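The chain contents come next:
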Amino acid sequence: MSNQNYNTRQTLLAKIKNNHDEKSWEDFTYYYQQYIYNIVRKMNMGHHDAEDLVQTIMLKLWNKIPEFEYQPGKGAFRGWLCRITQNETKNYLRKKNKHFDRENEDKNKVMHESEYNVSLPEIEEISKKEWEVYVSNMAWRNIKDEF
C-alpha cells in the first residue's frame, strides 16, 4: 500500500469545516476517535484518562477545524492532529497534577508531566505507526466477512 492510501480524505476535511454538518462529523468521529484514543494510550495514559482526553481533543478539533487549511505537500492533516493531541495531553496532565498537588500537599507528586512528555517527532512516529495499523484493521473489518 502506498503512502497515498494512508492520506486523510480531503473531501471529509472540507465537509467537517462546517460544524453543523452532522453526518460528516459522524464520519470523522468514526474514522478518528479510536485512532486518537490509540495515540493517547501510546503516550502512557490510562484507559479512563484516555477516554476523557479523547473527548476533549474531539471538542478542540470541532472548534479548530474551520481554521485548518489543508495544503498538500506542506504537511499532513495528521501532523496537525498530532500537535493538538500532544498539546491537549500536556494541558490535561498539568490540570491533573495541579488538582493532585492541592489534595496531597504533603506527599510527593506521583504523576510527573515529564513521564508523559512525548516530543513532537515521537508523537508523529507514534501517529504514523498507529495510522498504518488502524487503516489495515479497518480494511480487514470491511472485507473479513467475504472470506
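So, here's what we can say about the structure.

Calculation notes
Counting starts from 1 at the beginning of each chain's written sequence and moves along it residue by residue. Given that the model is predicted, a residue must reach a pLDDT of at least 70 before its local features are reported, and side-chain atom pairs must reach 80 or more before they are shown or counted; all residues, however, enter totals for whole chains, interfaces and linings. Heavy atoms throughout the structure, all of them, feed into the side-chain values; hydrogens and water do not. Here, nonpolar core refers to any group of buried Ala, Val, Leu, Ile, Met, Phe, Trp, Tyr and Cys residues whose side-chain atoms link them within 4.5 Å. Think of it in three bands: with a 1.4 Å probe and only protein chains considered, a residue is buried below 20% of the maximum accessible area for its type, exposed above 50%, and partly exposed in between. Runs of E in the DSSP output that reach at least two residues are strands. Runs of H or I that reach at least four are helices, and both are numbered from the N terminus. Note on contacts: a residue pair is in contact if any heavy atoms of the two residues lie within 4.5 Å. Polar contact is the term for a pair of N or O atoms within 3.5 Å; when the atoms are in protein, one must be able to donate a hydrogen and the other to accept it, and sequence-neighboring residues count only if both atoms are side-chain atoms. One less than the residue count of a helix, multiplied by 1.5 Å, gives the span that helix is expected to have. Fitting axes to the seven residues that end at a residue and to the seven that start at it, the angle between those axes gives the bend at that residue.

Notes on the nonpolar core
- If you look at the biggest cluster of nonpolar residues, it comprises 34 residues, and the most contacted ones within it are Phe28, Tyr32, Ile36, Leu61 and Phe77.
- Counting residues per element, the ones that place at least two in this core are helix 1 (10–16), helix 2 (22–42), helix 3 (47–64), helix 4 (77–103) and helix 6 (120–143).
- Tallying contributions element by element places helix 2 first for this core, with eight residues.
- Leave out the neighbours within four places in its chain, and leucine 61 touches Trp25, Phe28, Ile36, Trp80, Leu81 and Ile84.

A closer look at the environment of proline 72
- Counting through the fold element by element, proline 72 comes out in the loop between helix 3 and helix 4.
- Relative accessible area serves as the criterion here: at 58%, proline 72 is assigned to the exposed category.

A word on the side chain of threonine 89
- Within the secondary structure layout, threonine 89 lies in helix 4.
- A polar atom in the side chain of threonine 89 sits 2.7 Å from the backbone oxygen of threonine 85.
- Residues in contact with threonine 89, not counting those within four places in the same chain, are Val40, Met43, Met45 and Leu53.

Details of helix 2
- Between its terminal C-alpha atoms helix 2 stretches 29 Å, which fits the 30 Å expected from 21 residues at 1.5 Å a residue.
- Along helix 2, the helix axis deviates most sharply at tyrosine 32, where the bend reaches about 35°.
- Listed in full, the buried residues belonging to helix 2 are Ser24, Trp25, Phe28, Tyr32, Tyr35, Ile36, Tyr37, Asn38, Ile39 and Val40.
- Phi turns positive one or two residues past the end of helix 2, at asparagine 44, with a value near 70°.

Nothing here speaks to function; it is all geometry.
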